[in-house]
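# Structural overview for review
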Amino acid sequence: MASAVQKPDGFQPVDIVKWVATAIQLVGYGLTGMNIVPWNVFAFFGGIVLWFAVGVMWKDKAIMVVHVGAFVSLLIGYLNA
């Protein structure tokens, strides 16, 4: 029996965005581990924005909500630092 949802062959634009977002987030974690401030925060902002875009592309409200929350929390922390 065939699957109801079939993944197309090759990368889709959303796949590229999510891998770039993931790489940027990992850079942010690394910068945090090395205490390189505020560049770590800037990397996290970039990753958050791109992951939000993935949520929009997938029409996935949970991904959008969690990244809006992350953005607001990070922004408040950054402004109060």
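These lines cover the structure that appears in this document, whether it is placed above or below. (Residues numbered from 1 in each chain as written. Predicted model: local features only at pLDDT ≥ 70, side-chain atom pairs only at ≥ 80, totals over all residues. Heavy atoms only, no water.)

### Things to note about the environment of Gly77
Put simply, the rule reads: In DSSP terms, a helix is any run of H or I states spanning at least four residues, a strand is any run of E spanning at least two, and both are numbered starting from the N terminus. Residue exposure (1.4 Å probe, protein chains only): buried if accessible area is under 20% of the type maximum, exposed if over 50%, otherwise partly exposed.
Mapped onto the elements of the fold, Gly77 is located in helix α3 (residues 61-79). Gly77 sits in the partly exposed class, given a relative accessible area of 41%. Along the chain, Gly77 and Gly30 lie 47 residues apart, while their C-alpha atoms are 19 Å from each other.

### A few points about the nonpolar core
We apply this condition: The definition of a nonpolar core used throughout is a set of buried Ala, Val, Leu, Ile, Met, Phe, Trp, Tyr and Cys residues joined through side-chain atoms within 4.5 Å. Pairs of residues are marked as contacts when any of their non-hydrogen atoms sit within 4.5 Å.
Counting residues in each nonpolar core, the largest one holds six residues, listed as Val14, Val17, Ala21, Trp51, Val54 and Ile63. Residue assignment for this core shows that the elements contributing at least two residues are α1 (13-33) and α2 (39-58). Ranked by residue count, the leading element in this core is α1, at three residues. Beyond its immediate stretch of four places on either side in the chain, Val54 contacts Val14, Val17 and Lys18.

### Looking at unusual backbone geometry
Note the cis peptide between Val37 and Pro38, where omega equals 5°. Inspection of the secondary structure puts Pro38 in the loop between α1 and α2. Phi at Asn35 is positive, roughly 55°, even though this residue is not glycine. Within the element layout of this structure, Asn35 appears in the loop between α1 and α2.

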